[in-house]
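Chain residues, written in single-letter form:
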Amino acid sequence: MNNTNELSTLAQLNSDAKARIVAVAGEGAIARRLLEMGVTPGARVRVVKTAPFGDPIEVKVRNSHLAIRRQEAGAILVESES
Amino acid sequence: MQNAQSTVKNQITIALAGNPNAGKTTLFNALTGMRQKVANYPGVTVERKIGVWRVSDAKTATLVDLPGLYSLDAASLDEEIARNVLTGKADGSLNAPDVIVAVVDSTNLDRNLYLVTQLLEFKIPVVVALTMIDRAERDETRIDEKKLSKLLGVPVVGVVASERRGLDELSRKVIEVVGTKQTINLPFENFVRRAANGNGHKNILERYNWISDVVQESVESDKPETRSFSEKIDGVLTHRVFGLVILTAILLVVFQTIFSWATLPMDLLDQGFGALGDATRNALPAGLLTDLLVDGVIAGVGGVLVFLPQIIALFFFISILEDTGYMARAAFLLDRLMRGVGLHGRAFVPLLSSFACAIPGIMATRTIENRRDRLATIMIAPLMSCSARLPVYTLMIAAFFTGQYVFGFLSLGALLILAMYLLGIVTAIAVAFVLKRTILKAPAPPLVLELPPYRAPNLKNVFFNVFQNSWQFVKRAGTIILAISIVLWALTTFPRIESANESSSAAGSSSQQIIHGEHDKEKTTNGEQQTPDETAEEAAKQSAQLQNSFAGRLGHFIEPVIEPLGFDWKMGVALIASFAAREVLVSTLSIIYNVGRETEADSDSLISAVRNAKRADGSAAWTPLTALTMMVFFVLACQCMSTVAVVRRETNSWAWTAFMVAYMTVLAYVAAFLTFQIGRLLGF
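The rules behind each value
Residues numbered from 1 in each chain as written. Chains lettered and ligands numbered in written order. Predicted model: local features only at pLDDT ≥ 70, side-chain atom pairs only at ≥ 80, totals over all residues. Heavy atoms only, no water. Helix = DSSP H or I, 4+ residues; strand = E, 2+ residues; numbered from the N terminus. Rg over C-alpha atoms; globule rule 2.2 N^0.38 Å. Buried < 20%, exposed > 50% of the residue type's maximum accessible area, 1.4 Å probe, protein only. Contact = heavy atoms within 4.5 Å. Areas by Shrake-Rupley, 256 points an atom, 1.4 Å probe, with all protein chains shown as cover. Lys, Arg positive; Asp, Glu negative; His and termini not counted. Charge placed at Lys NZ, Arg CZ, Asp CG, Glu CD. Axes fitted to C-alpha atoms, helices over the stretch in contact; angles between N-to-C directions. Parallel < 35°, antiparallel > 145°, perpendicular 65-115°, else oblique. Left-handed = near helix turned anticlockwise from the far one by under 90°. Buried area = accessible area lost by both parts, 1.4 Å probe. Salt bridge = Lys/Arg side-chain N within 4 Å of Asp/Glu carboxyl O. Polar contact = N/O pair within 3.5 Å; in protein donor to acceptor, adjacent residues only side chain to side chain. Pairing = 2+ DSSP bridges.

Caption draft 1: Focus on the overall build of chain A. Broken down by element type, chain A carries two helices and six strands. Shown N-terminal to C-terminal, the secondary structure of chain A runs as helices and strands in the order β-β-α-β-β-β-α-β. The C-alpha radius of gyration computed for chain A amounts to 12 Å, which stays within 12% of the reference 12 Å derived for 82 residues, consistent with globular compactness. Considered along the principal axes of its C-alpha atoms, chain A spans approximately 35 × 30 × 20 Å. For chain A, the residues scored as buried account for 57% of the 82 residues in total. Of the contacts formed within chain A by residues at least 6 apart in sequence, a portion of 58% connects residues at least 24 apart. Only carbon and sulfur atoms are counted for the fraction: they give 50% of the accessible area of chain A, which is about 3400 Å². Computed over 11 positive and 9 negative side-chain charges, the inter-centroid distance for chain A is 6 Å.

Caption draft 2: Just the environment of Gly54(A), in detail. Inspection of the secondary structure assignment puts Gly54(A) in the loop between β3 (44–50) and β4 (57–61). On a C-alpha basis, the gap between Gly54(A) and Arg70(A) in space is 8.1 Å, while along the polypeptide they are 16 residues apart. Gly54(A) has contacts with Arg70(A) and Arg240(B), leaving out every residue within four places of it along the chain.

Caption draft 3: Spatial organisation of the packing of helix α6 (residues 145–152) of chain B against helix α8 (residues 200–218) of chain B. Residues and elements named next belong to chain B. Two elements in contact, α6 and α8, have axes whose closest approach is 9 Å; the angle formed by their N-to-C orientations is 155°. Our classification of the angle between α6 and α8 gives roughly antiparallel. In this structure, α6 crosses over α8, and the sense of that crossing is right-handed. Counting all contacts with α6, which are made through Lys 147, Leu 148, Leu 151 and Leu 152, the residues of α8 involved are Trp 210, Val 214, Glu 217 and Ser 218.

Caption draft 4: How the structure looks around helix α16 (residues 371–380) of chain B. Where burial is concerned, most of α16(B) is hidden: eight out of the ten residues are buried. Considered for burial, the residues of α16(B) that qualify are Asp373(B), Arg374(B), Leu375(B), Ala376(B), Thr377(B), Ile378(B), Met379(B) and Ile380(B).

Caption draft 5: Representation of the interface of chain A and chain B within the structure. Taken together, the 37 residues of chain A in the interface contact 43 residues of chain B. Buried area between chain A and chain B, both sides added, is near 3700 Å², and the carbon and sulfur share of it is 55%. On the chain A side of the contact with chain B, Arg32(A), Glu36(A) and Arg69(A) bury the most area, a combined 20% of that side's loss. Taken together, chain A and chain B are joined by four salt bridges. A salt bridge links Arg62(A) to Asp110(B); the shortest N-O distance between them is 2.6 Å. Summed over the shared surface of chain A and chain B, the number is 14 residue pairs in polar contact (both at pLDDT 80 or more). If you list the elements that add at least two residues to the side of chain A that touches chain B, you get α1 (29–36), β3, β4 and β5 (64–68) of chain A. Take the side of chain A that touches chain B: its biggest share by element is eight residues, from α1(A). Both β5(A) and strand β12 (residues 448–451) of chain B contribute to a ladder of four bridges, which runs antiparallel. When the sheet's bridge partners are listed, Ile68(A) is paired in β12(B) with Val448(B).

Caption draft 6: Representation of the pattern of salt bridges. Residues and elements named next belong to chain B. Within this structure, the stated rule accounts for 23 salt bridges over all chains. Two residues, Arg 339 and Asp 373, come together in a salt bridge whose shortest N-O distance is 3.0 Å. With a gap of 34 residues between them, Arg 339 in helix α13 (residues 326–340) and Asp 373 in helix α16 connect regions that are remote in the sequence. Asp 373 shares its class with Arg 339; the two are buried. Because the salt bridges share partners, they merge into one network encompassing Glu 169, Arg 172, Lys 173 and Glu 176.

Next up, the structure:
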């Protein structure tokens, strides 16, 4: 069981993993877009699944399901929760 | 919309804003009904939707549907247009709105309220329309509308647009707030353009913090954190393996249905236009004007309108798939694949449709928000071998590649057709790749695709969608295509051969057969049966007429250019004519080779005429290599005036349209050149 509060990126989480967002790295359009869509520090996120070919990944954040590219998910720092 | 207001004293303008998938379109349709108009904002490809909303017995309002947005702040065209509309700068005829109706999805409050925090800054009174409250109720989420209203400082009205619930209250609140001032003080700064400074992030977080507080105070939710119904369905539909399989199956079913549903109406339309042409010819005195009407207008425009059933069917299915939410899943499944070749995930439906006909395919690219991705898709859509190319392939194969087998059992003809399709696909991928790295180069816009909950399609939305798109197609047929049809008719009719004819219509009808020949088999323009001698004489006359026309002379003129491709001037004439519509190659060839009115690609007389055709020096005009070269040319060339017209409209740019025609022509020429010359070198 995953019981430590480790820091990782959203891209590194497995399906069904739950986490809390710690930070969204980057200053550019992508980071901004993510923040505007509600992917903000403090928000809880759950990885739903990965698309065929490994990209994009589907996550649930603030009551909506979003598909995010793996590359962008790599900029989202999260803290796992079980 | 100005004329609609002239009888009403108070004219107010209302802007409708909200997230995509929040129910904005459903609300717009419920409020305006049939009184809506779709166009483009001047000079851009952003759709402008305006309707008339009867807010009270005495007042009607102009309702402007803004593009679905998550934020007003991004740099793309949609956001810019929205900001302009809100400040009254979008369009000369559109005033700044008196009221903003902010559509907020009650099952997704946080993110929807983000846009509202931006809307509140425009100093325009806002009324929040809380949609999908029926779904929120089902989810056991209770929203205290009064409290929410107090916290936001604006009226909040719960609505279920599809049931017309809450619409009266919404109208009342809208009228109440006209002319009032914003009273609430928002605890964050006005948003600054992203380019200005990097404080943007802090601002966003402040807003979300405020939103969290607001939501916490006004919403009570008993919903346990379980997988929703939609998520369970997605367990299958976006499964890593089965997802793609199911997608393929669904697409196959859709396209198969479109083909079978559309075939009957298309045939009927085809016959209908033919009958209309005959009737007109019989009703009017013989002469040039009649010819123009029948051969130019009816034949040309009819030839394009014939596609209407296919277009209606395609848009019907796209609408349904979009409305249920499945399209987002399909984009999710295919994104990686499409990105690999430089295309957007949502490009797959337009490209797939283009295998039937590029026209609805190109119109379907509207679902691609990013302009560059959309342009790239439009540029390559015509490379998907459309159904109009099939008659050409069929004729070439029937003439030179029948009865031959590879490895003893694979028909060479079928393999060649497959090869042509593959050539189109491979070229399309290559072109997209190059375009995205050069002219259309842009950092891939972040994919944050929302997967909305599945829901039953709203038939009213579907109806409006299909109607609006199809109507635009018809309008285009009535304008640009009409113009081009007339020009083409003139090119193949003038100059006339002023020799002794029993009726000038006989010679003039050469162009009719070119475009619409199937209906005239073995009949004179009067509808009587002809003797074989009369038929042959008629055919010879038409051939002479065609050769003498501008089109014929052009054929001679371009002969030196097409000679390296192995083509002679007669093929040149056919090529010129087929730039209007590809199938026209077959009928033009049949006239040139004195076969007359035969236009079926598998007609024996045409096939043998092609085989036996001779050049000026007596050598065979066509060889298997020439036939292959012709096919290669047809895969890549842009030979469809209707497509050109559609591209012009969808891109709103002559430059891009010209670019597409140019690059395809160059590609076609080069490929045909290589095919022929290398073939020669190899001894074919």
